[in-house]
Amino acid sequence: MQYLLIDNSNTRTKFALGSNQCLGKTISIIPTSEISPSSLDSALKDITYDAVVLCSVVPEKAEIMADFFEGKPFHQLSSESKLGIQIEYPNPNQIGADRLANAIGVQTLFCSPAIVIDFGTAVTFDAIGSDDRYLGGVIAPGLASMTQNLAKRTALLPQIELTEPTHAIGKSTTEAMLAGAVFGYRGLIKEIIHKLSEEMHTTPTVVATGGDAELIARGLPEIQHVSPTLTLEGIRIAATLQF
């Protein structure tokens, strides 16, 4: 069976193909703000698939896509989906679909206990217990969001491109901002991993995904794996359980 897998995040929406056996190629990436019937028509022209699984954190765009795929086998991932993991959370419907997809992906492709860190518009941490239970996690501002907001809210600080700092003592405004962003953010990530591991009473496998994962993980031995396609893999695995 050929699945159309959709990862509808706040910034970008990825479309990929997948099967029961593996994740296929990413066929299109559209800025989420541009999702419309016409952009979907253009992105999916000549693409064949048997069923659609949507993972969305943007309700307005999810509604557009649900209407677009009306009449085709379609499933929107939620806490009520077949997930292959148990949820230990007071209000499961409050868990973002992307966080569920990451939990499914890490539980299947790596091992539990685990912590998944998704570096997106926000950075999310999700804890999966040794008995494959989703335990909850942490939400913090994303690295790009923090640096962009700093530039917007100050008169003299520029927008910066996020790269590895060469030293901690900045010799220019840009160097100082870059050191604060990358080294400071690694400190935030390290402390949250430490606190989560403490409460989990174990040493979990830590897997990172998302746009800034490679940059931040480079200086953090606490992160054992970087998996750029983890969310899509989780959506694919969820698809095999729904259809």
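Residues numbered from 1 in each chain as written. Predicted model: local features only at pLDDT ≥ 70, side-chain atom pairs only at ≥ 80, totals over all residues. Heavy atoms only, no water.

**Student:** Tell me about the packing of helix H3 (residues 97-109) against helix H7 (residues 230-242), residues and numbers included.
**Tutor:** Across the interface, H3 lies against H7 with an axial gap of 7 Å and an inter-helix angle of 85°. Between H3 and H7, the angle is such that the two are roughly perpendicular. For the pair H3 and H7, the contacting residues are Asp 98, Ala 101, Asn 102, Ile 104, Gly 105, Val 106, Thr 108 and Leu 109 in the first and Leu 230, Thr 231, Glu 233, Gly 234, Ile 235, Ile 237 and Ala 238 in the second. For the contact of H3 with H7, the class distribution of residues is eight nonpolar, five polar and two charged. (Axes fitted to C-alpha atoms, helices over the stretch in contact; angles between N-to-C directions. Helix = DSSP H or I, 4+ residues; strand = E, 2+ residues; numbered from the N terminus. Parallel < 35°, antiparallel > 145°, perpendicular 65-115°, else oblique. Contact = heavy atoms within 4.5 Å. Nonpolar A, V, L, I, M, F, W, Y, C, P; charged D, E, K, R; others polar.)

**Student:** How would you summarise the UniProt feature "binding site: substrate" (unreviewed entry) in the protein if you had to cite specific residues and measurements?
**Tutor:** UniProt records the feature "binding site: substrate" (unreviewed entry) for Tyr 89, Gly 96, Ala 97, Asp 98, Arg 99 and Thr 173 in the present numbering. A maximum C-alpha distance of 43.7 Å among these annotated residues, which run over 85 residues, shows that they spread across the structure rather than meeting at one spot. Summarising the element assignment, Tyr 89 is placed in the loop between strand E6 (86-87) and H3. Assessed through its relative accessible area of 26%, Tyr 89 is described here as partly exposed. When sequence neighbours within four positions are dropped, the list of residues in contact with Ala 97 reads Cys 55, Ser 56, Val 57 and Leu 77. (UniProt positions renumbered as here; feature names shortened; annotations may be inferred. Buried < 20%, exposed > 50% of the residue type's maximum accessible area, 1.4 Å probe, protein only.)

**Student:** Could you give an account of the environment of His 225, naming the residues involved and the relevant values?
**Tutor:** Its location among the elements puts His 225 in strand E11 (residues 225-226). Judged by its relative accessible area of 34%, His 225 falls in the partly exposed class. Other than its neighbours up to four places away in sequence, His 225 contacts Phe 110, Thr 205, Val 206, Val 207 and Ala 208.

**Student:** Explain H3 to me, and be specific about the residues and the numbers.
**Tutor:** In a regular helix each residue adds 1.5 Å, so 13 residues correspond to 18 Å; H3 covers 18 Å between its end C-alpha atoms and thus fits that length. The buried fraction of H3 is high, at eleven of 13 residues. For H3, the complete set of buried residues consists of Ala 97, Asp 98, Arg 99, Leu 100, Ala 101, Asn 102, Ala 103, Ile 104, Gly 105, Val 106 and Gln 107. (Expected span 1.5 Å × (residues − 1).)

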